[in-house]
Amino acid sequence: MPAPDYAVIIPHFNDLERLERCLAALVVQDLSGTEVVVADNASPVDMAPLQATYPQVRFVTQPERGAAAARNKGVEVTTALWIFLLDADCVPSEGWLARAREIATGDANVVSGGRIEVFDETPAPRSGAEAFETVFAFDQERYIREDGFSVTANLVAARAIFEATGPMVVGLSEDVDWCRRAVAAGATLRYDPALVVAHPTRPDWPALQKKWRRMTEEGFGLARAAPMGRVKWLLKALLMPVSVAAHLPRILRHGALSGLEKRRAAGTLLRLRMQRMVWMILQAAGRGI
């Protein structure tokens, strides 16, 4: 078999239903010259039925936990000159792979982050977590234009950029850390609204809390390495109540939410920011969360 020109890397851990949904949407697209690699974090489930269903997909195991480690493994095992990153719980749009290939015909020094839409997996009305994520989850254009990173759930880059940047780091906000290192190594970061995937909203408070606890831990891993990192982190924590007032108008203006859903989203915004404030104060004080 000829070496692939492109490789789709999908990290996975213990979420077969969503991974199957992702693969079903991907394999019906034109896979010419493309290798699909699922890098599994040694999930405690039987992967054999899924492997039998998708023989055109390469499954590899990365015992080290974490999406960063799985992505690194996927990049390592393929020789493709272009890497397309996709998350197992994302559903690529019908033209996702074709658009990724179009990007790959352009400037090899550009890292492209695509649009991430959200959808609910439960019937209406939305829970507080679902309503919150409908408003605030995956603001890719702002992340790229203002914050200097792309979520790695939907990202295209040449292998040469990965080699110049180095592997993603487990335990940090790998999206932020890797993209900023790539830019420091000479890459240009761009937003591509035509590269589209869909991601489910978190269905309830425990799922949303788990997401933000992980993000807070990873964010602190980056912040504490900077000069006066703990002090700045503490100040950011104390501003959390202020951020509620600053972001509430986005909920009130959102056209996709009903009145009930807006009230639920507002309550979740307040609850989450207060929770993050407590976590961040504990971290700044040298205690775990």
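Computed from a predicted model, the values in this text were never measured in an experiment.

Cut-offs and rules
Residues numbered from 1 in each chain as written. Predicted model: local features only at pLDDT ≥ 70, side-chain atom pairs only at ≥ 80, totals over all residues. Heavy atoms only, no water. Buried < 20%, exposed > 50% of the residue type's maximum accessible area, 1.4 Å probe, protein only. Helix = DSSP H or I, 4+ residues; strand = E, 2+ residues; numbered from the N terminus. Contact = heavy atoms within 4.5 Å. Axes fitted to C-alpha atoms, helices over the stretch in contact; angles between N-to-C directions. Parallel < 35°, antiparallel > 145°, perpendicular 65-115°, else oblique. Left-handed = near helix turned anticlockwise from the far one by under 90°. Nonpolar A, V, L, I, M, F, W, Y, C, P; charged D, E, K, R; others polar. Polar contact = N/O pair within 3.5 Å; in protein donor to acceptor, adjacent residues only side chain to side chain. Phe/Tyr/Trp six-rings, centres within 6.5 Å; stacked < 30°, edge-to-face > 60°. Lys NZ or Arg CZ within 6 Å of the ring centre and 35° of its normal.

A. The arrangement of helix H3 (residues 67–77) in detail. Turning to H3, its buried residues are Ala68, Ala69, Ala70, Arg71, Gly74 and Val75. If you follow the buried residues of H3, they end up packed against strand S1 (6–12), strand S2 (34–40), strand S4 (82–86), helix H7 (159–165) and helix H8 (174–184).

B. Structural context of the packing of helix H11 (residues 240–253) against helix H12 (residues 259–284). As a packed pair, H11 and H12 sit with axes 10 Å apart at the nearest point and diverge in direction by 155°. Accordingly, the angle class assigned to the pair H11 and H12 is roughly antiparallel. Here the hand of the crossing between H11 and H12 comes out right-handed. In this structure, H11 uses Met240, Pro241, Ser243, Val244, His247, Leu248, Ile251 and Leu252 to contact H12, whose residues at the interface are Lys262, Ala265, Ala266, Leu269, Leu270, Arg273, Met274, Arg276, Met277 and Met280. Residues of the contact of H11 with H12, tallied by class, amount to 13 nonpolar, two polar and three charged.

C. Spotlight on the packing of helix H10 (residues 229–238) against H12. Contact geometry for H10 and H12: axes closest at 8 Å, N-to-C directions at 160°. In terms of axis orientation, H10 runs roughly antiparallel to H12. Remark: the crossing between H10 and H12 carries left-handed chirality. Contact residues: Arg230, Trp233, Leu234, Lys236, Ala237 and Leu238 in H10; Met277, Met280, Ile281, Gln283 and Ala284 in H12. Split into classes, the residues belonging to the contact of H10 with H12 amount to eight nonpolar, one polar and two charged.

D. Representation of H8. All of the buried residues in H8 are Glu174, Asp175, Val176, Asp177, Trp178, Cys179 and Ala182. Contacts made by the buried residues of H8 are with H3, strand S6 (110–119), strand S7 (154–158), H7 and helix H9 (205–223).

E. Summary view of the side chain of histidine 199. In this structure, histidine 199 sits in strand S8 (residues 188–200). Polar contacts involving the side chain of histidine 199 include one to the side chain of aspartate 89, which spans 2.9 Å. Ignoring sequence-local partners within four residues, the contact set of histidine 199 consists of Asp89, Cys90, Ile116, Glu117, Val118, Phe119 and Phe138.

F. Looking closely at the packing of aromatic side chains. The full count for this structure, using the stated rule, is six aromatic pairs. An angle of 20° between the planes, with centres 5.5 Å apart, marks the rings of tyrosine 6 and phenylalanine 84 as stacked. Here tyrosine 6, found in strand S1, pairs with phenylalanine 84, found in strand S4; they are 78 residues apart in sequence, far enough to count as distant. Under the relative-accessibility criterion, tyrosine 6 is labelled buried at 15%. When the centroid spacing of 6.3 Å and the interplanar angle of 85° are considered together, the rings of phenylalanine 84 and tryptophan 96 count as edge-to-face. Of this pair, phenylalanine 84 sits in strand S4 while tryptophan 96 sits in helix H4 (residues 96–104), placing them 12 residues apart in sequence. Among the residues examined, tryptophan 96 registers a relative accessible area of 0% and is labelled buried. Clustering of aromatic rings is evident, with ring pairs tying together Tyr6, Phe84 and Trp96. Positioned above the aromatic ring of phenylalanine 138 is the side chain of lysine 211, whose terminal nitrogen or guanidinium carbon lies 5.3 Å from the ring centre.

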